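Single-letter residue listing:
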Amino acid sequence: MGRNAAALDWNDLRLCLAVARAGSLSAAGQELDLSHTTLLRRIAALEKGLGVTLFRRKTTGYELTEEGRAFTEAAGVAEEKILDALARVTGADQEMRGPLKVALPDLSGGALMAVVREFLHAHPEIRFEFLVSQRPSGLTLGEAHVALALTADAPPGQVGVAIGPVAFAAYVRRDLTERAAPDGLAWVGLA
């Protein structure tokens, strides 16, 4: 009768996967930094403990038996789940996805779209959501992840980084400037 799954050494999964993938003890041993003899002994102990033959020894290498195929398929699934879990808890999963909420003034939208398009091309799993506002709000309320603001100072409780100057220009028809001095014209601006 085979041994209980609770008594299974999880390193045995790695051993079986390495031998199955490499097709030989020598190649698997190089990958795992184990000697041929150590691998042979551990595979034999695992097969004895499970009560099944996992590999057929052939002159061309090691071939999985039907039981070995079932065992290594399950070991592959376990390996994948363990690697996914490790990536999540260690932050190794650097793939960006989900919503990215950006608060921005309405005047910056046009200039920002080329940057957004390039960013989305590099990170297609991101979904932009825009909150248009003249004031750099939304961060402290959780409405936005990032805020762009036309201001020299970050609001209280927020950290700001200057990303560049903003230039505004006023335009007028040429014939109006010929009739009046520029400072004599009535200008309209943002409050």
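Everything below is about the structure shown above.
Residues numbered from 1 in each chain as written. Predicted model: local features only at pLDDT ≥ 70, side-chain atom pairs only at ≥ 80, totals over all residues. Heavy atoms only, no water.

**Quick look at the overall build of the chain**
Thought 1: Secondary structure assignment for the chain yields six helices and five strands.
Thought 2: For the chain, the residues scored as buried account for 25% of the 191 residues in total.
Thought 3: Long-range contacts, defined as pairs at least 24 residues apart, comprise 53% of the intrachain contacts of the chain with a sequence gap of at least 6.
Thought 4: Only carbon and sulfur atoms are counted for the fraction: they give 56% of the accessible area of the chain, which is about 13,900 Å². (Helix = DSSP H or I, 4+ residues; strand = E, 2+ residues; numbered from the N terminus. Buried < 20%, exposed > 50% of the residue type's maximum accessible area, 1.4 Å probe, protein only. Contact = heavy atoms within 4.5 Å. Areas by Shrake-Rupley, 256 points an atom, 1.4 Å probe, with all protein chains shown as cover.)

**Structural notes on the side chain of Glu47**
Thought 1: Within the secondary structure layout, Glu47 lies in helix H3 (residues 36–50).
Thought 2: Within the structure, Glu47 has its side chain in polar contact with the backbone nitrogen of Phe55 (distance 3.1 Å).
Thought 3: Excluding its chain neighbours within four sequence positions, the residues that come into contact with Glu47 are Val52, Thr53, Leu54, Phe55 and Arg57. (Polar contact = N/O pair within 3.5 Å; in protein donor to acceptor, adjacent residues only side chain to side chain.)

**Section: the pattern of salt bridges**
Thought 1: Going through the model one piece at a time under the given rule, you end up with six salt bridges.
Thought 2: Between Glu129 and Arg127 there is a salt bridge, with the nearest N and O atoms lying 3.0 Å from each other.
Thought 3: Residue Glu129 is classed as partly exposed on the basis of its relative accessible area of 29%.
Thought 4: Classification of Arg127 as partly exposed rests on a relative accessible area of 46%. (Salt bridge = Lys/Arg side-chain N within 4 Å of Asp/Glu carboxyl O.)

**Brief notes about helix H1 (residues 10–22)**
Thought 1: The end-to-end C-alpha separation of H1 is 19 Å, in line with the 18 Å expected for 13 residues at 1.5 Å each.
Thought 2: Note on H1: the residue one or two positions beyond its end, Gly23, has a positive phi of about 80°. (Expected span 1.5 Å × (residues − 1).)

**Focus: the packing of helix H2 (residues 25–32) against H3**
Thought 1: Between H2 and H3, the least distance of the axes is 9 Å, while the angle of their chain directions is 105°. Of the possible angle classes, the one that applies to H2 and H3 is roughly perpendicular. Within the contact between the two elements, H2 uses Leu25, Ser26, Ala28, Gly29 and Leu32 and H3 uses His36, Leu39 and Leu40.
Thought 2: For the contact of H2 with H3, the per-class residue count stands at five nonpolar, three polar and no charged. (Axes fitted to C-alpha atoms, helices over the stretch in contact; angles between N-to-C directions. Parallel < 35°, antiparallel > 145°, perpendicular 65-115°, else oblique. Nonpolar A, V, L, I, M, F, W, Y, C, P; charged D, E, K, R; others polar.)

**What to know about the sheet that holds strand S4 (residues 126–132)**
Thought 1: Pairing is parallel across the open sheet formed by three strands, whose spatial order is S4-S3-S5. Edge positions in the open sheet fall to S4 and strand S5 (146–147), since each of these has one partner strand only.
Thought 2: Relative to S4, strand S3 (residues 98–104) is paired through seven bridges, and the arrangement is parallel. When the sheet's bridge partners are listed, Lys101 is paired in S4 with Glu129. (Pairing = 2+ DSSP bridges.)

**Considering the packing of aromatic side chains**
Thought 1: Within this structure, the stated rule accounts for three aromatic pairs.
Thought 2: On the numbers, 6.0 Å between centres and 65° between planes, the contact of Phe55 with Tyr62 is edge-to-face. Just as Phe55 is buried, Tyr62 falls in that class too. (Phe/Tyr/Trp six-rings, centres within 6.5 Å; stacked < 30°, edge-to-face > 60°.)

**Some remarks on the packing of H1 against H2**
Thought 1: Direction vectors running N to C along H1 and H2 enclose 130°, while the axes themselves pass 8 Å from each other. Relative to H2, the element H1 is oriented oblique. In terms of crossing hand, the pair formed by H1 and H2 is right-handed. Every residue of H2 that contacts H1 at Arg14, Leu15, Ala18, Val19 and Ala22 is listed here: Leu25, Ala27, Ala28, Glu31 and Leu32.
Thought 2: Of the residues belonging to the contact of H1 with H2, the class tally is eight nonpolar, no polar and two charged. (Left-handed = near helix turned anticlockwise from the far one by under 90°.)

**Digging into H3**
Thought 1: With 15 residues, H3 extends 21 Å from end C-alpha to end C-alpha; this agrees with the ideal 21 Å at 1.5 Å per step.
Thought 2: By the burial criterion, the buried members of H3 are Leu39, Ile43, Leu46, Glu47 and Gly49. Buried residues of H3, viewed axially, fall in a sector of 165°; they line one side. What points out from H3, more than 90 degrees from its buried face, is the exposed set Thr37, Arg41 and Lys48. (Arc of directions from axis to C-beta.)

**Remarks on a nonpolar patch on the surface**
Thought 1: On the surface, Ile82, Leu83, Leu86 and Val89 cluster together into a nonpolar patch covering about 400 Å² of accessible area.
Thought 2: One can find Leu86 in helix H4 (residues 66–90). (Patch = residues over 30% accessible without salt bridge, like charges linked within 9 Å, V, L, I, M, F, W, Y side chains within 5 Å.)

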